[in-house]
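These are the residues of each chain, in order.
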Amino acid sequence: MSEDKLLFTPGPLSTSPTVKQAMLRDVGSWDSEFIEIVERIRHKLLELAGVSQAAGYEAIPMQGSGSFGVEAAIGCSVPPEGKLLCLVNGAYGERILNMARCLQIETSVLQCAEHDTPDLEELTRRLNEDPAITNVIVVHCETTTGIVNPIADIGRIVSAAGRTYLVDAMSSFAALEIDLQADGIDYLISSANKCIQGVPGFSFILARRAALEASAGQARSLCLDLFDQWQSMETHGRFRYSPPTHSVLAFEQALAELEEEGGIPARAARYTENQRVLSEGMRQLGFRAYLPPERQSCIISTFYYPDDPQFEFQTFYDILKQRGSIIYPGKLGEVDCFRIGTIGHLFPDDMRRLLSAIEAAVVEMGLNRSLPVGS
Ligand SMILES: Cc1ncc(COP(=O)(O)O)c(C=O)c1O
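In this report, we go over the structure that sits alongside the text. (Residues numbered from 1 in each chain as written. Predicted model: local features only at pLDDT ≥ 70, side-chain atom pairs only at ≥ 80, totals over all residues.)

**Quick look at the site of the ligand**
Step number 1: Around the ligand, the neighbouring residues are Pro10, Gly11, Ser65, Gly66, Ser67, Tyr92, Val139, Thr143, Asp168, Met170, Ser171 and Ser191.
Step number 2: By residue class, the composition of the shell around the ligand is four nonpolar, seven polar and one charged. (Near = placed C-beta within 6 Å. Nonpolar A, V, L, I, M, F, W, Y, C, P; charged D, E, K, R; others polar.)

**So, the nonpolar core**
Step number 1: In terms of nonpolar packing, the biggest core is built from 110 residues, with Ala73, Ile74, Leu188, Ile205, Leu206 and Leu226 touching the most fellow members.
Step number 2: Take this core: its biggest share by element is seven residues, from helix 9 (residues 245–261).
Step number 3: Counting contributing residues per domain, this core is built from domain 1 (17–260) and domain 2 (263–364), each supplying no fewer than three.
Step number 4: Setting aside residues no more than four positions away along its own chain, Ile205 makes contact with Ile60, Met62, Gly69, Ala72, Ala73, Tyr187, Ile189 and Leu226. (Core = buried A, V, L, I, M, F, W, Y, C linked by C-beta atoms within 7 Å. Buried ≥ 20, exposed ≤ 12 C-beta atoms within 10 Å, placed from the backbone. Helix = DSSP H or I, 4+ residues; strand = E, 2+ residues; numbered from the N terminus. Domains from an automatic or database assignment. Contact = placed C-beta atoms within 7 Å.)

**Description of helix 2 (residues 32–48)**
Step number 1: Given a rise of 1.5 Å per residue, 17 residues ought to cover 24 Å, and the 24 Å separating the end C-alpha atoms of helix 2 matches this to within 8%.
Step number 2: When helix 2 is considered as a whole, its buried residues turn out to be Val38, Ile41, Arg42, Leu45 and Leu48. Angularly, the buried residues of helix 2 cover 130 degrees about the axis, an arc narrow enough to put them on a single face. Of the exposed residues in helix 2, those oriented more than 90 degrees away from the buried face are Ser32, Glu33, Glu36, Arg40 and His43.
Step number 3: If you follow the buried residues of helix 2, they end up packed against strand 2 (57–63), strand 10 (202–208), helix 8 (226–236), helix 9 and helix 10 (263–284).
Step number 4: At the exit of helix 2 stands Gly50, carrying a positive phi of roughly 75 degrees. (Expected span 1.5 Å × (residues − 1). Arc of directions from axis to C-beta.)

**Section: the sheet that holds strand 14 (residues 337–341)**
Step number 1: The three strands lie next to each other as 11-14-13, forming an open sheet whose pairing is antiparallel. Because the sheet does not close on itself, it has two edges, and the strands there are strand 11 (300–304) and strand 13 (328–329). (Pairing = 2+ DSSP bridges.)

**Comments concerning the packing of helix 10 against helix 12 (residues 348–364)**
Step number 1: Contact pair helix 10 / helix 12: the axes reach a minimum separation of 8 Å and the direction vectors enclose 20 degrees. By the angle class used here, helix 10 and helix 12 are roughly parallel. Where helix 10 crosses over helix 12, the handedness of that crossing is right-handed. Note on element contacts: helix 12 touches helix 10 through Pro348, Met351, Arg352 and Leu355, opposite Glu273, Asn274, Val277, Leu278 and Gly281. (Axes fitted to C-alpha atoms, helices over the stretch in contact; angles between N-to-C directions. Parallel < 35°, antiparallel > 145°, perpendicular 65-115°, else oblique. Left-handed = near helix turned anticlockwise from the far one by under 90°.)

Spelled out as C-alpha cells, the structure:
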C-alpha cells in the first residue's frame, strides 16, 4: 500500500498513528465496554464546550458525516409551523438552506458576500419585523473561505429576540474557544473527523436540554430523529441503529490526545502557528490570500490562482501529491482559487515541507514569479 499523504484539507484530516491504531479492535455495540466509552465521550464533549449535564446540556452523537448532524438538528428543532433564518456567506450556509428546503421547512435568508460577515443590524431588524422566525442558524467557520462568523454577537441578538439558536461549528469546534452558555447556543453541531482529529463516522450535537425537550415529536426523518437518539442514549446508552464502533474507539483516543496536547488553547496555538507559517510562506512565493488577515481563521486559507496562463490547478495538485501533500480545490462561485487546511495532525514543519513542494511546483510549471498574482 502506498504511504499516506498529508491532508492539508478541511476534513477528513490527517490523524495520528495512535488514533488509527485505536480502531483496530472489534467491540460489541451493546456491550458495557462500548456503552461506557460512549458515555465518557458525551461528558468530555460537554466539558470542551464549557458546559455539563448539571448545567442543562446534552451531547448526542449521530451516525453519518457532519451534514447528517446539521440535518438532524434543523429537522428536529424547527417546529412544524416554524421558520428558519439562515445566515449565509458560503457553500456550507447554502447547504443548510438546501437541507431546510428539502425538509420543507420555511426559510428566510440573510446573505452576504463570501469575504464578509453577516450584518448584525440587519439581523436585529429581520427578527423584529418577522415574528414567524423561530430558529436562526449560522456557520461558525465558513470552510468555503476560512472566514469566522461572530457567533457570540449573533447569539446575543438571537437570545434577546427569544429565538432558538443553532451553530454549525463543524470545522471550528476544538480549534476556536466556544462557550455554549455565554453565547446563548441552543444547538451546536460538529463531527468526529475535524479538529478533535478523529476519523469519519459520526457527527455530534451539543444541545440545551430544554430546547431538546421542546423538540419531542418534531423530527422530519426517522433516522435523523435527534430527540429519539438522545432518549436512546439516556435510557440504554446506545445509538439507535448500528453505531460506528471503530470510529468511536478512535475518537476516544483522539480526545485523550487533545487533552495531552493541552486542550483547546494548545491546539488553537498549533493551528495558529501552522497558518502563520503558511500565509507568510505563500506571500513570499507570490500567492495572494483571498481574505484579509483580520478575517482569516487558523483553520483553512484560500489563495487566488496565480495570474499566469501557465497555471493549471490539476497539474499543481498532482505535483504536490507526488511530493506527499494533498490540498483542496476552491469552492467559491466566481473566483478561481484553491484552499489549504492547517488543521489535523499537522505541525509547522509539515507546513514548511508543503511550502517547499509548492515552490518546486512553481518552478516545474514555469510560473512567472515576477507577475502580480490574484485578480
Ligand atoms: C462548516 C461545515 N459545515 C458542514 C460541513 C459538512 O460536513 P460533512 O462533509 O462531514 O458532511 C463541513 C465540511 O467540511 C463544514 O466545513
